[in-house]
Amino acid sequence: MPDYDHLILPYSSGDADKDEGLLVNSLIARAQQPIADPDIWLGGVDHGGVVLTSIDAVFGWARSKSLWPMLFGLACCAFEMMAAAGNRWDISRFGMEIFRPSPRQADMMIVAGTLTWKMAPAVRRLYDQMAEPKWVLAMGSCAISGGTFSESYSVVPGVNRILPVDVYVPGCPPRPEGLYHGLMELHQKIQKAGYLKGNVHLPRLD
Amino acid sequence: MGLKALAGTEVAAKVGAKAPGSVVSSDQNSILVKSSALAGVMRFLKESPEFDFNYLNNVTAVDNLDHFEVVYNLTSMKKKHTLCVKARVPGRQNPEIASIAALWHGADFQEREIYDLMGIRFVGHPNLKRIALWDGFNGHPLRKDFL
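The present account deals with the structure reproduced in this document.

### Here we look at the environment of B:Gly8
Residue and element names in this part refer to chain B.
Right, on to step 1. By the secondary structure assignment, Gly 8 is in helix 1 (residues 8–18).
Right, on to step 2. On the basis of relative accessible area, Gly 8 is assigned to the buried category, the value being 0%.
Right, on to step 3. Residues Gly 8 and Ser 25 lie 17 residues apart in sequence; the distance between their C-alpha atoms is 9.0 Å.
Right, on to step 4. Setting aside its immediate chain neighbours within four residues, Gly 8 contacts Ser 26, Asp 27, Gln 28, Asn 29, Ser 30 and Ile 31.

### Here's the deal with the interface of chain A and chain B
Right, on to step 1. The interface is formed by 4 residues belonging to chain A together with 7 residues belonging to chain B.
Right, on to step 2. At the boundary of chain A with chain B, total buried surface from both sides reaches about 490 Å², with 72% on carbon and sulfur atoms.
Right, on to step 3. Applying the counting rule to chain A against chain B returns 0 salt bridges.
Right, on to step 4. Taken together, chain A and chain B are joined by 2 residue pairs in polar contact (both at pLDDT 80 or more).
Right, on to step 5. Taken together, the residues of the side of chain A that touches chain B break down into 2 nonpolar, 1 polar and 1 charged.

### Considerations on the pattern of salt bridges
Residues and elements named next belong to chain B.
Right, on to step 1. Following the criterion strictly, the structure yields 10 salt bridges over all chains and no others.
Right, on to step 2. Between Arg 121 and Glu 96 there is a salt bridge, and its shortest N-O distance comes to 4.0 Å. Here the residue Arg 121 occupies a position in strand 8 (residues 121–123), and Glu 96 occupies one in strand 7 (residues 96–98), the gap between them amounting to 25 residues.
Right, on to step 3. Two residues, Arg 130 and Asp 116, come together in a salt bridge whose shortest N-O distance is 2.4 Å. Taken together, the positions of Arg 130 in the segment after strand 8 and Asp 116 in helix 3 (residues 107–118) put the pair 14 residues apart, joining distant regions of the chain. Across the pair, Asp 116 and Arg 130 agree in class, each one buried.

### Examining a nonpolar patch on the surface
Right, on to step 1. Among the surface-exposed residues, A:Ile55, A:Val58, A:Phe59, A:Trp61 and A:Tyr195 lie close enough to one another that they form a single nonpolar patch of about 490 Å² accessible area.
Right, on to step 2. Assessed through its relative accessible area of 53%, A:Trp61 is described here as exposed.

### Quick word on the nonpolar core
Right, on to step 1. Formed by 35 residues in total, the largest nonpolar core has its most connected members in B:Met42, B:Leu45, B:Tyr72, B:Val85, B:Ile97, B:Ile100 and B:Ile120.
Right, on to step 2. Secondary-structure elements contributing two or more residues to this core are helix 1, strand 3 (30–33), helix 2 (38–47), strand 4 (55–63), strand 5 (67–76), strand 6 (81–90) and helix 3 of chain B.
Right, on to step 3. At 5 residues, helix 2 of chain B tops the list of elements feeding residues into this core.
Right, on to step 4. If we ignore the near neighbours within four places in the chain, the residues touching B:Met42 are B:Tyr72, B:Leu74, B:Val85, B:Ile100, B:Leu103 and B:Trp104.
Right, on to step 5. One finds A:Trp89, A:Ala112, A:Val167 and A:Val169 within the second-largest nonpolar core, a separate group that totals 22 residues.

Conventions adopted
- Residues numbered from 1 in each chain as written.
- Chains lettered and ligands numbered in written order.
- Predicted model: local features only at pLDDT ≥ 70, side-chain atom pairs only at ≥ 80, totals over all residues.
- Heavy atoms only, no water.
- Helix = DSSP H or I, 4+ residues; strand = E, 2+ residues; numbered from the N terminus.
- Buried < 20%, exposed > 50% of the residue type's maximum accessible area, 1.4 Å probe, protein only.
- Contact = heavy atoms within 4.5 Å.
- Buried area = accessible area lost by both parts, 1.4 Å probe.
- Salt bridge = Lys/Arg side-chain N within 4 Å of Asp/Glu carboxyl O.
- Polar contact = N/O pair within 3.5 Å; in protein donor to acceptor, adjacent residues only side chain to side chain.
- Nonpolar A, V, L, I, M, F, W, Y, C, P; charged D, E, K, R; others polar.
- Patch = residues over 30% accessible without salt bridge, like charges linked within 9 Å, V, L, I, M, F, W, Y side chains within 5 Å.
- Areas by Shrake-Rupley, 256 points an atom, 1.4 Å probe, with all protein chains shown as cover.
- Core = buried A, V, L, I, M, F, W, Y, C linked by side-chain atoms within 4.5 Å.

As structure tokens, then:
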């Protein structure tokens, strides 16, 4: 590997212009020769690029590591979902940062919040518009069972009344860590489900 | 802000002088208006230069089982004063009161909400249908005898 250490610049405090002059001059003095180009790629890989595995394992790995969520939130759980997407928790570590505003491009639906009966047809329609394969994560007490509103006249007592749910994440609301735990469980579920087994096709809600 | 809450008794005296028999009772905080006279009283409160209530803060309703009470909170932006007006609506089968959506357009959605959740009909409302619940919902859920 080329040695870069001679290019590390010293820090100094004092006259800023004088410091800058010292820095530039010292960099010029230490940069008289070009750095060697990386050559680690030369000669190929030791095993000749051949890996033995199963299609299920490869596709499961690829699918589970690039899940694109559907961009919508129903209630306060959506704020935890947004926090999970933000830079502090950073959902892009899981290849999931691309929240799609169109169901046609989304792989999974995070039902984040209270689902009312008035909203239910819209959510079911979005689910129907998503392309197979697709997965659903119910986030928070309301999505799981209706939560504190489960006996209300206007709230769906659990989104599994209208959607098949793959993972339930309890909490009111769950913290981003909880959501991530559910997402990683979903990753394992996708990995185990396999590509060749086919997908379950639900009857349409017409 | 410095908004001054007008004494209901003083407002009631002036409204009563303008429209005799329209005020049922009054106290320090509010005036209780006869429901049949509500539209005229509200128009007077809005258009008279003395009161000049050009802003309707909110409309809401209370279920007292033997009658409903519709509550209006008014503010004058120029005169910097406020007033609470109430009106009682008897009956549970078909309670009715005049709409004030033509006076303050902000009342439009709020009267629809009261119609939706309390079942009070606002006569003269331009588009009186359910706003929060879906068409065909059975009952009015904020009534005390719901469920």
